[in-house]
Structure formats: C-alpha cells, structure tokens
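Each chain, written out:
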Amino acid sequence: MLHRVLLTGFEPFGGYTDNSSWEVAQRVASCGVEGVDVEVVAVQLPVSFARVGEVLRSAIELHIPDLVIMLGQTTTTDCVRLERVALNMMDSRKADNDGYIADEEPIYEGEESALFTSLPIKSFRSAIEAQGIAVKITNSAGLYVCNRTYYEALRLCREREGLQAIFVHLPLYEGQTLSQPDKKSMLLGDMCRAVQTIIEETNDKNREV
Ligand code: PCA
C-alpha cells in the first residue's frame, strides 16, 4: 500500500506562461485517486540546474513520500512519455531560468553514468494504453533540467529505503497551443488520468508484496 505520493511539476520556462506538468500535478493533488487511500502532495520545482536538486531533496525530507512522480513538459511529443533512465550529464542549448547554459557537465563527478527506475514501467504503459491514452517508454529524458532532476531522485532512492521514483514527460495541454495549432498537445484530463493510473498500479503492486 502507498501512503504518500509526491508529485512534482515545473514552473514555466521557454517562453510559455504556464507549464503542463504543474497544471497536471496540481489537479491530481486536489482530486486524489478514486479508490486509492493515498495522500498526494504537489510541489513546484524551479527550472534551474543549480537549484532543483536541493528543492527536490527538501520536499522529500518534508513529505517523506513512498512514491515520487516527477512531471515535465516537452513540446516535441503528443503522448505521455515514461522515462526509463537518467544520465549523469547536463548539456543544453537553451539557458535555464537562471540564465545558465550547461556544457557537457556531470551532475555528480565520478558517479554512475546512468540510473534506472525500479518501477514497472511496462505495466504502467499497458495500463495507460488500455484507457486509450497515447503513451510510450523512452530511454532518454534529454540532458536539460528534467534529466538532472530525475538523476537526483533516483540517487535518493538508493539512499532511502522504500522510496521509488519515475519521471514522466507530458505534452503541452490544449490551452497552450491555441495560438499555435501546428504544435502537438493532449487533453489535461488524459494526462491526469495517466498519472492517476501510475499511482493505482504502484499501489496494487505494493499490496501484492
Ligand atoms: N521540461 C524541461 C525542464 C522543465 C520542464 O517542464 C525538460 O524537459 O528538461
């Protein structure tokens, strides 16, 4: 059984006035998950290579979740992307919200090149697909702030027994593309449903043990 889920979303970046990941995190935290007796807390993260690790660590220390679902927005997809791996590298062409551009820098010098989620992402994919929501598993979360955040979370999972984490990239939501009809988007309701499904599935799996 799960007790507490920490859902993170990011502040706006890249010229957008909102971020689909934060819209979804707030909605799921306020609705909860029907039939699952779990507390869901939403925390907003800064789009900052330098600051995001500390903000995530403090949120985990404060809320003591058993599951962390990190959400991030990407403009290049029209489906939910379940991220399998975080790489120990930061590199970007665009500056973060502090104005910083990373240039092939390790997140933690001398540590492992890649960390993998221990959650059953294939079961998540099947359960989300079964509801008619477009979803895929991807093997790179990029090298921008989302990947940096994911590496931090998976590193913390090794230190804290009972903590599991997954990163999910989300498309823009329908309201963000009104003036850019060529851009891909997804309904907020479908993205919320996908996140709720991950919580349901993890709760069921933990119950079996
Ligand atoms: N997406 C960015 C960082 C913040 C966000 O929502 C990324 O994919 O790295």
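This report concerns the structure included in the present document.

### Focus: the site of the ligand
- Neighbouring the ligand are the residues F10, F13, N19, V47, G72, Q73, Y144, V145, C146 and H169.
- N19 is positioned with one of its side-chain polar atoms (N or O) 3.0 Å from an oxygen atom of the ligand.
- Between the ligand and the protein, one listed contact pairs an oxygen atom with a side-chain N or O atom of H169 at 2.8 Å.
- Elements with a contribution of two residues or more to the shell around the ligand: β3 (67–73) and α4 (145–159).

### Points about the packing of helix α2 (residues 52–63) against α4
- Put simply, α2 and α4 touch, their axes get as near as 9 Å, and they point 40° apart. The angle between α2 and α4 falls in the class oblique. Regarding α2 and α4, the two cross each other, and that crossing is right-handed. Within the contact between the two elements, α2 uses V52, G53, L56, R57 and I60 and α4 uses V145, R148, T149, E152, A153 and L156.

### Some details on the packing of aromatic side chains
- Tallied over the entire structure, the rule returns 5 aromatic pairs.
- Here the aromatic rings of F13 and Y144 are separated by 6.0 Å at their centres, their planes lie at 35°, and the arrangement is tilted. In this pair, F13 is assigned in the loop between β1 (4–10) and α1 (20–31) and Y144 in the loop between β7 (135–138) and α4, connecting sequence segments 131 residues apart.
- Taking the relative accessible area as the measure of exposure, F13 reaches 16% and is therefore buried.
- Relative to F167, the ring of Y150 lies with its centre 5.8 Å away and its plane at 50°, an arrangement referred to as tilted. Taken together, the residues Y150 in helix α4 and F167 in strand β8 (residues 164–170) connect sequence positions 17 residues apart.
- For F167, a relative accessible area of 0% translates into the label buried.
- Members of the aromatic cluster, joined through ring pairs, are F13, F49, Y100 and Y144.
- A cation sits over an aromatic face here: K94 above Y144, 4.4 Å from the ring centre.
- The ring centre of Y108 lies 3.5 Å from the NZ or CZ of R155, which sits over that ring.

### A short note on the side chain of N203
- Within the secondary structure layout, N203 lies in helix α5 (residues 188–208).
- Judged by its relative accessible area of 3%, N203 is buried.
- In terms of polar contacts, N203 uses its side chain to reach the backbone amide nitrogen of L2, at 2.8 Å.
- Leaving out residues up to four positions away in the same chain, N203 has contacts with M1, L2 and V36.

Parameters at a glance
- Residues numbered from 1 in each chain as written.
- Predicted model: local features only at pLDDT ≥ 70, side-chain atom pairs only at ≥ 80, totals over all residues.
- Heavy atoms only, no water.
- Near = heavy atom within 4 Å.
- Polar contact = N/O pair within 3.5 Å; in protein donor to acceptor, adjacent residues only side chain to side chain.
- Helix = DSSP H or I, 4+ residues; strand = E, 2+ residues; numbered from the N terminus.
- Axes fitted to C-alpha atoms, helices over the stretch in contact; angles between N-to-C directions.
- Parallel < 35°, antiparallel > 145°, perpendicular 65-115°, else oblique.
- Left-handed = near helix turned anticlockwise from the far one by under 90°.
- Contact = heavy atoms within 4.5 Å.
- Phe/Tyr/Trp six-rings, centres within 6.5 Å; stacked < 30°, edge-to-face > 60°.
- Buried < 20%, exposed > 50% of the residue type's maximum accessible area, 1.4 Å probe, protein only.
- Lys NZ or Arg CZ within 6 Å of the ring centre and 35° of its normal.

Fair warning: the whole summary comes from geometry, so function is off the table for now.
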